[in-house]
There are 2 protein chains.
Amino acid sequence: MTAADRFSFNHATAKFWDQREAVEACAREGVGIGLWREPLQEMGVEATAKLVKDAGVEVTSLCRAGFFTNPTKEAIADNRKAIEEAAAVGAPTLVLVSGGIPEGKTIDQAREGVKEALEELAPYAVEQGITLAIEPLHPMFASDRCVVTTLGEALDLAAPFSPEAVGVVVDTYHIWWDPEVWKGIARAGRENRIASFQFADWITPLPAGVLTGRGQLGDGCIDFKRYLKEVDATGFTGPIEVELFNDALWARPGAEVFAETKAAFERVVA
Amino acid sequence: MTAADRFSFNHATAKFWDQREAVEACAREGVGIGLWREPLQEMGVEATAKLVKDAGVEVTSLCRAGFFTNPTKEAIADNRKAIEEAAAVGAPTLVLVSGGIPEGKTIDQAREGVKEALEELAPYAVEQGITLAIEPLHPMFASDRCVVTTLGEALDLAAPFSPEAVGVVVDTYHIWWDPEVWKGIARAGRENRIASFQFADWITPLPAGVLTGRGQLGDGCIDFKRYLKEVDATGFTGPIEVELFNDALWARPGAEVFAETKAAFERVVA
């Protein structure tokens, strides 16, 4: 299997593309798909499960649960529901974004909340055959979206659990700036924690709010071949999802964005 | 000396305020000032030196040199000139922002450029009695402004040199998100590397381009008392500069921004 054959299309790259069309496009091209909970819920869990099964498409992950820095009953219940959704559609992995700093708390306290939430959820994930994948986000999201900011931190959070229960997401966009990133990837491999591998490029200037400025592969400064090499060296052979939050891409037809993204992926791994 | 007495006003907080007025306001209030090269050069090195001497104001740092990830002759010459400017106005410290990734290089290669530049500059800094202060910037600036992203990385870069030659900047805005930040501050103290201590608050949403979104102290999520406590614990007793890049502040009269910032500082350290 070449690197190009490991491409998986994360639905968020063409956020407004109908889920059925996206799944069918992936089926035609023989590539995997990363699904999102909102379109899944809109179509219904059963209907989505049937869609991917009939299409014969590999669901490489379900995005996204988490948001449990304040691990309330509601937050935990929603994450349990997400685990069930992942199991229903055959996703091996549920991606978790921790959430930001709750009102009146410090970032250190918010991080304690993440530990508590993982303790609550890990046994249920194992029961359902799902690996929870902690995603460190870029530190520019630390206050309002994700207090987990480095691969090292994500690995420390995963450490108390089995690798089947809790892993990490290696997403180039969020970790490329980290002077410890190569060590972090090697450690993630050694500890068998790579549950998801994602590509997006880093481009500037960042747009206001900074959420939707991810670059098409090759447009920015990230050395994807190096990431591929370092992750390959750990023995990880799983899919590589491309997930781009980008206003300009979102404004265009999904099929076009899909084809362009697949071609860009093939170029950067060639 | 109380924490409130350690306030120093970084001129960039009121970027468009005349340098003479800023210095004279600091003199009247008995506080220090962090100067910037552009207004210094506009007034002239001699005239600025005379201004601060006559006013009896402590210059706590000169901002900003660096931008030497591609350490060309021109870049090194400009940094030597900045060292001379710092010496002329009696600033103990020259703040260095490393610069981004040069065209066609990787971030790792850019970091090698920083090492080379420091080797070139450190002896001249010692000769002139100036400490070079490596400032890690927030990772959202890693590609276009500063490849040095953590306190740990800045300390590693400083390690080959004496603490008199090369130190680091501890700026809350840039490092607050780091899960290793308390360890980093303790290490900076142990290694005697704290050359500048700066406050700015983290607020969201970030503006487009992300440069000018720093928050007034108390408006964001940073626990300044904790930073004060951790830095105090290292034995550092130097000034605390407040440096806010903020479009809304820059649009207002300098004297008003100065008074408001001093009051905000007194509140967050009280």
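Above: the structure in question.
I will try to describe carefully the structure that is included in this document. (Residues numbered from 1 in each chain as written. Chains lettered and ligands numbered in written order. Predicted model: local features only at pLDDT ≥ 70, side-chain atom pairs only at ≥ 80, totals over all residues.)

To continue, consider the overall build of chain A. Across its full length, chain A holds 11 helices and 10 strands. Taking the principal axes of the C-alpha coordinates as reference, chain A spans close to 45 × 45 × 40 Å. Going through the 270 residues of chain A one by one, you find that 54% of them count as buried. Contacts in chain A between residues at least 24 apart in sequence constitute 78% of all its contacts with a sequence separation of at least 6. (Helix = DSSP H or I, 4+ residues; strand = E, 2+ residues; numbered from the N terminus. Buried ≥ 20, exposed ≤ 12 C-beta atoms within 10 Å, placed from the backbone. Contact = placed C-beta atoms within 7 Å.)

As a further point, take the interface of chain A and chain B. Taken together, the 23 residues of chain A in the interface contact 23 residues of chain B. Its residues placed into classes, the side of chain A that touches chain B shows 13 nonpolar, seven polar and three charged. (Nonpolar A, V, L, I, M, F, W, Y, C, P; charged D, E, K, R; others polar.)

All names here are of chain A. With 17 residues, helix H4 (residues 73-89) ought to run about 24 Å at 1.5 Å a step, and its terminal C-alpha atoms sit 25 Å apart, in line with that. Each element contacted by the buried residues of H4 is listed here: strand S2 (32-36), helix H2 (37-43), helix H3 (45-55), strand S3 (59-66), strand S4 (93-97) and helix H5 (107-128). Two residues or fewer past H4, Gly 90 is found with a positive phi of approximately 80°. (Expected span 1.5 Å × (residues − 1).)

A separate point is the sheet that holds strand S3 (residues 59-66) of chain B. All names here are of chain B. A barrel is described by the order of its strands in space; here eight strands give the closed sequence S1-S2-S3-S4-S5-S6-S7-S10, paired in parallel fashion. Ignoring which end each strand starts from, the neighbouring axes of this sheet average 30° apart. In terms of strand pairing, S3 meets strand S4 (residues 93-97) through four bridges, oriented parallel. Bridging across to S4, Cys 63 finds its partner in Val 95. Where helix H5 (residues 107-128) meets the sheet, its contacts fall on strand S5 (131-134) and strand S6 (166-171), and the angle it forms with S5 comes to roughly 145°. Across the sheet, helix H11 (residues 254-269) is in contact with strand S1 (7-10), strand S7 (194-199) and strand S10 (240-242); its angle to S1 comes to roughly 145°. (Pairing = 2+ DSSP bridges. Axes fitted to C-alpha atoms, helices over the stretch in contact; angles between N-to-C directions.)

On to the environment of Ala 12 of chain B. Residue and element names in this part refer to chain B. Inspection of the secondary structure puts Ala 12 in the loop between S1 and helix H1 (19-29). Separated by 109 residues in the primary sequence, Ala 12 and Leu 121 place their C-alpha atoms 25 Å from one another. Excluding residues that lie within four positions of it along the chain, Ala 12 makes contacts with Trp 36, Cys 63, Glu 243 and Phe 245.

Leu 94, Ile 134 and Val 168 of chain A together with Leu 94, Ile 134 and Val 168 of chain B are the most contacted members of the largest nonpolar core, which totals 182 residues. Excluding anything up to four places from it in sequence, Ile 134 of chain A contacts Leu 96, Val 148, Ala 154, Leu 157, Ala 158, Val 166, Val 168 and Val 169 of chain A. (Core = buried A, V, L, I, M, F, W, Y, C linked by C-beta atoms within 7 Å.)

The next point concerns the relation of the copies chain A and chain B. Between chain A and chain B, which share one sequence, the superposing operator has a rotation angle of 180° and an axial displacement of 0.0 Å; the RMSD is 0.0 Å. Seen this way, the second copy is the image of the first under a two-fold rotation axis. When C-alpha positions in chain A are compared against the rotation axis, the closest is assigned to Ala 208 of chain A, at 1.9 Å. Both copies share a contact surface, since 100% of the interface residues of chain A are interface residues in chain B too. (Least-squares fit on C-alpha atoms with pLDDT ≥ 70 in both.)

Attention now moves to the sheet that holds S2 of chain A. Residues and elements named next belong to chain A. Pairing is parallel in the closed barrel, where eight strands are placed in the order S1-S2-S3-S4-S5-S6-S7-S10. The average undirected angle you get between the axes of adjacent strands in this sheet is 30°. Strand contacts of H5: strand S5 (131-134) and strand S6 (166-171), with the helix running at about 145° to S5, the strand carrying the most contacts. The strands touched by helix H11 (residues 254-269) are strand S1 (7-10), strand S7 (194-199) and strand S10 (240-242); relative to S1, the strand with the most contacts, the crossing angle is about 145°.

Turning our attention to the packing of helix H6 (residues 151-158) of chain A against helix H8 (residues 181-190) of chain A. All names here are of chain A. One way to put it is that H6 packs onto H8 with a least axis distance of 9 Å and a crossing angle of 25°. Classed by the angle they form, the pair H6 and H8 counts as roughly parallel. Handedness of the H6/H8 crossing: left-handed. Listed contacts from H8 to Leu 151, Gly 152 and Leu 155 of H6 are Val 181, Gly 184, Ile 185, Arg 187 and Ala 188. Of the residues in the contact of H6 with H8, the class split is five nonpolar, two polar and one charged. (Parallel < 35°, antiparallel > 145°, perpendicular 65-115°, else oblique. Left-handed = near helix turned anticlockwise from the far one by under 90°.)

Looking now at helix H3 (residues 45-55) of chain B. Note that an α-helix has 3.6 residues per turn; residues three or four places apart therefore point the same way. All names here are of chain B. If you check which residues of H3 are buried, you get Thr 48, Leu 51 and Val 52. Mapping the buried residues of H3 onto a view down its axis gives an arc of 85°, with all of them on the same face. Opposite its buried face, H3 presents the exposed residues Glu 46, Ala 47, Lys 53 and Asp 54, each directed more than 90 degrees away. Considering only its buried residues, H3 is in contact with H1, helix H2 (37-43), S3 and helix H4 (73-89). (Arc of directions from axis to C-beta.)

Residue and element names in this part refer to chain A. A large share of S7 lies buried, amounting to six of its six residues. Both S7 and S10 contribute to a ladder of three bridges, which runs parallel. Note that in S10 the partner of Gln 198 across the bridge is Glu 241.

Below, the discussion takes up unusual backbone geometry. Leave glycine aside and you will find that most residues have negative phi; peptide bonds, for their part, are mostly trans. All names here are of chain A. The residue after Thr 204, namely Pro 205, is reached through a cis peptide bond having omega 0°. Non-glycine residue Phe 67 carries a positive phi angle of around 50°. With respect to the element layout, Phe 67 can be found in the loop between S3 and H4. The phi dihedral of Val 210 falls on the positive side, at around 60°, and the residue is not glycine. Note that Val 210 resides in the loop between strand S8 (201-202) and strand S9 (214-215). On the basis of neighbour counts, which here come to 23 C-beta atoms within 10 Å, the residue Val 210 falls in the buried class.

Moving on, we get to the packing of H1 of chain B against H11 of chain B. All names here are of chain B. Their axes nearest at 10 Å, the elements H1 and H11 cross at an angle of 40°. In this structure, H1 crosses over H11, and the sense of that crossing is right-handed. Facing Glu 21, Ala 22, Ala 25 and Glu 29 of H1, the residues of H11 in contact are Gly 254, Ala 255, Phe 258 and Lys 262. Class assignment of the residues belonging to the contact of H1 with H11 gives a composition of four nonpolar, one polar and three charged.

Residue and element names in this part refer to chain B. Within strand S2 (residues 32-36), five of the five residues are buried, which leaves the element mostly enclosed by the surrounding structure. Relative to S2, S1 is paired through three bridges, and the arrangement is parallel. Among the inter-strand pairings, Asn 10 is bridged to a residue of S2, identified as Gly 34. Regarding topology, H1 serves as the crossover connection from S1 to the parallel S2, and that connection is right-handed. Where S2 meets S3, four bridges bridge the pair, whose relative direction is parallel. Paired with Ile 33 across the two strands is Val 59, which belongs to S3. (Right-handed = clockwise from strand over helix to strand, strands pointing away.)

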